[in-house]
Amino acid sequence: MEANGHEHVIEVTDLRRVYGGGFEAVRGITFSVRRGEIFALLGTNGAGKTSTVELLEGLAAPASGRVRVLGHDPYTDRAAVRPRTGVMLQEGGFPSELTVAETARMWAGCVSGARPPAEVLALVGLEARSAVRVKQLSGGQRRRLDLALALLGDPEVLFLDEPTTGLDAEGRRDTWELVRELRAAGTTVLLTTHYLEEAEQLADRLAIMHDGRIAATGTPAEVTAAQPSRITFDLPDGYFVGDLPPLADLGVTGHETEGRTVRLRTHELQRAATGLLVWAERAGVELRRLDIRSASLEEAFLGIAKEFSAERTPRTTKTTKEYTA
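What counts and what doesn't
- Just so you know, the residues in each chain are numbered from 1, in the order the chain's sequence is written.
- Whole-chain, interface and lining totals are the exception, using all residues; otherwise, since this is a predicted model, local features are given only for residues with pLDDT of at least 70 and side-chain atom pairs are given and counted only at 80 or more.
- Derived side-chain values reflect all non-hydrogen atoms in the structure, with water molecules and hydrogen atoms excluded from consideration.
- Paired strands, as defined in this entry, are two strands with at least two bridges between them according to DSSP.
- Under the scheme used here, helices are H or I runs from DSSP no shorter than 4 residues and strands are E runs no shorter than 2 residues, and both carry numbers assigned from the N terminus.
- For helices, the fitted axis covers only the stretch in contact; all axes are lines through C-alpha atoms, and the angles between them, taken along N-to-C directions, range from 0 to 180 degrees.
- Should any heavy atoms of two residues lie within 4.5 Å, those residues are considered in contact.
- A cavity here means a set of points on a 1 Å grid, drawn over the protein atoms and nothing else, where a 1.4 Å probe fits but cannot get out; a pocket is an open set with protein on both sides within 12 Å along at least five of seven lines, and a residue lines either one if it has an atom within 4 Å of a point.
- Grid points are joined across faces, edges and corners, and a volume is the space filled by probe spheres set on the points.
- Polar here means any residue outside two lists: the nonpolar Ala, Val, Leu, Ile, Met, Phe, Trp, Tyr, Cys and Pro, and the charged Asp, Glu, Lys and Arg; Gly therefore counts as polar.
- The salt bridge criterion pairs a side-chain nitrogen of Lys or Arg with a carboxyl oxygen of Asp or Glu, the two atoms within 4 Å.
- Partly exposed describes any residue whose relative accessible area lies between the buried limit of under 20% and the exposed limit of over 50%, with all areas from a 1.4 Å probe on protein chains only and scaled to the type maximum.

S.K.: Summarise the sheet that holds strand S1 (residues 8-18); cite the residues concerned and give the values.
M.R.: Strand order in this open sheet of 3 strands is S2-S1-S4, and the pairing throughout is antiparallel. Each having just a single partner strand, strand S2 (24-34) and strand S4 (64-69) make up the two edges of the open sheet. Each strand axis lies, on average, 15 degrees off the axis of its neighbour in the sheet, ignoring direction. In this structure, S1 lies alongside S4, joined through 5 bridges in antiparallel fashion. In the strand pairing of S4, Ile10 is matched with Val69. Each of S1, S2 and S4 is contacted by helix H1 (residues 49-56), which is oriented at about 120 degrees to S1, the strand it contacts most.

S.K.: Residue-level account of empty space enclosed by the protein, with values.
M.R.: Taken as a whole, this structure holds 2 cavities of 30 Å³ or more when the rule is applied. The calculated volume of the largest cavity comes to roughly 40 Å³. The wall of the largest cavity is formed by Leu56, Glu57, Pro74, Arg78, Val81, Arg82, Thr85, Val87 and Phe159. Across the lining of the largest cavity, the residue classes break down as 5 nonpolar, 1 polar and 3 charged. Of the volumes computed, that of the second largest cavity is approximately 40 Å³. Looking at the second largest cavity, the residues that line it are Gly43, Thr44, Ile208, Met209, His210, Phe301, Ile304 and Ala305. Mapped by element, the contributors of at least two residues to the lining of the second largest cavity are strand S8 (205-210) and helix H10 (297-310).

S.K.: So what about the pattern of salt bridges? Which residues, and what values?
M.R.: Considering all chains together, one arrives at 22 salt bridges under this definition. In this structure, Glu156 and Arg35 form a salt bridge, with 3.9 Å as the shortest nitrogen-oxygen distance. With a gap of 121 residues between them, Glu156 in the loop between helix H5 (139-150) and strand S6 (157-161) and Arg35 in the loop between S2 and strand S3 (38-42) connect regions that are remote in the sequence. Here Glu156 falls in the partly exposed class, since its relative accessible area comes to 27%. For Arg35, a relative accessible area of 35% corresponds to the partly exposed category.

S.K.: Please give an account of the pairing of S8 that cites residues and values.
M.R.: Burial runs high along S8: 6 of the 6 residues are buried. The pairing of S3 with S8 spans 4 bridges and is classified as parallel. Considered in S8, the bridge of Ala40 is made with Leu206. Between the end of S8 and the start of strand S9 (residues 213-218), which pair antiparallel, lie 2 residues, with Asp211 showing a positive phi angle near 55 degrees.

S.K.: Which residues make up the sheet that holds strand S7 (residues 188-192), and what are the values?
M.R.: The 6 strands lie next to each other as S5-S6-S7-S3-S8-S9, forming an open sheet whose pairing is mixed. The sheet is open, and its two borders are formed by strand S5 (85-88) and S9, each paired with just one other strand. Going across the sheet, the axis of each strand differs from the next one's by a mean of 15 degrees, ignoring polarity. Pairing analysis gives 5 bridges linking S8 to S9, with the strands arranged antiparallel.

S.K.: Give me the lowdown on unusual backbone geometry, citing residues and values where you can.
M.R.: One non-glycine residue, Glu162, lies in positive phi territory at about 50 degrees. Mapping Glu162 onto the fold places it in the loop between S6 and helix H6 (169-184). The backbone of Asp211 shows a phi angle near 55 degrees, a positive value even though the residue is not glycine. With respect to the secondary-structure elements, Asp211 resides in the loop between S8 and S9. Among the residues examined, Asp211 registers a relative accessible area of 28% and is labelled partly exposed.

S.K.: Would you mind going over the layout of surface pockets in detail, with residue names and values included?
M.R.: Within this model, the second largest pocket holds a volume of roughly 450 Å³. Along the wall of the second largest pocket there are 24 residues; nearest its centre are Arg82, Val87, Trp107, Leu149 and Ala150. Those elements that provide at least two residues to the lining of the second largest pocket are S5, helix H3 (100-108) and H5. Among the elements that take part in the lining of the second largest pocket, S5 stands out by supplying 4 residues, more than any other. Grouping the amino acids of the lining of the second largest pocket by side-chain chemistry returns 13 nonpolar, 6 polar and 5 charged.

Written as structure tokens, this is what we have:
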């Protein structure tokens, strides 16, 4: 199926990847990426992100399942897919004695309809380093060169594997802006990253992988909303948790205590915060070190990792109470 005119340019169904010795790195995952979308794959080291992207890039055949990129199998129909995609690997492995410009020209010779090398070097901010040998580049500059070469073919689909590793804060934000510009021009981008802020800033949708499976998927807001918000404060002198309003009545789903510090979890942040503050006002007490915050993608990520780990170990509930509203 040709992708022109179709919504999804990447389709993955029940995908599995097994390495020698029977290690199953990807365990039956399913997701799709729409045309002109930035889709992020998140996960800890060993979660299966790179193993998945390599299958999408056509670098290996899956053990089972189905992959389609631009309507084609990227492994068996490589000639139809490769000219329309760009790939930025975690490590480029360029000849160290070539200059930046020589490397770009060499790579352009392997790309159908390549853009002028000077143009892509300017896009990633390397025009001033074009005469410098690759071995003299910093780690961040090498990542910029990796990205430049991935853009030479003006790809319809761009795979970015940890694109900002090694970049400083300014370089990371410059790369984000470039990726946004590519999306605005119609490029579909699939990226892996371990920077959660990067996923929040860039991704239209994302999937969190854990142990070879997809643990959560959706927009960053949807994935974050599945996790509770938090209210943290120190109990006033002479007060105990039992002196607070009934927590279930505030929409609190659970709480933890550490000394005088109380942490409340809730999916109804405004209701819980309002009830708590009204109680404090009426009691004439101050809630010191009060911190009220919505769940973040980082908390969602850590919560998912904790949840999956808990499935393999007995759960401890000595200091945690759960409520049902």
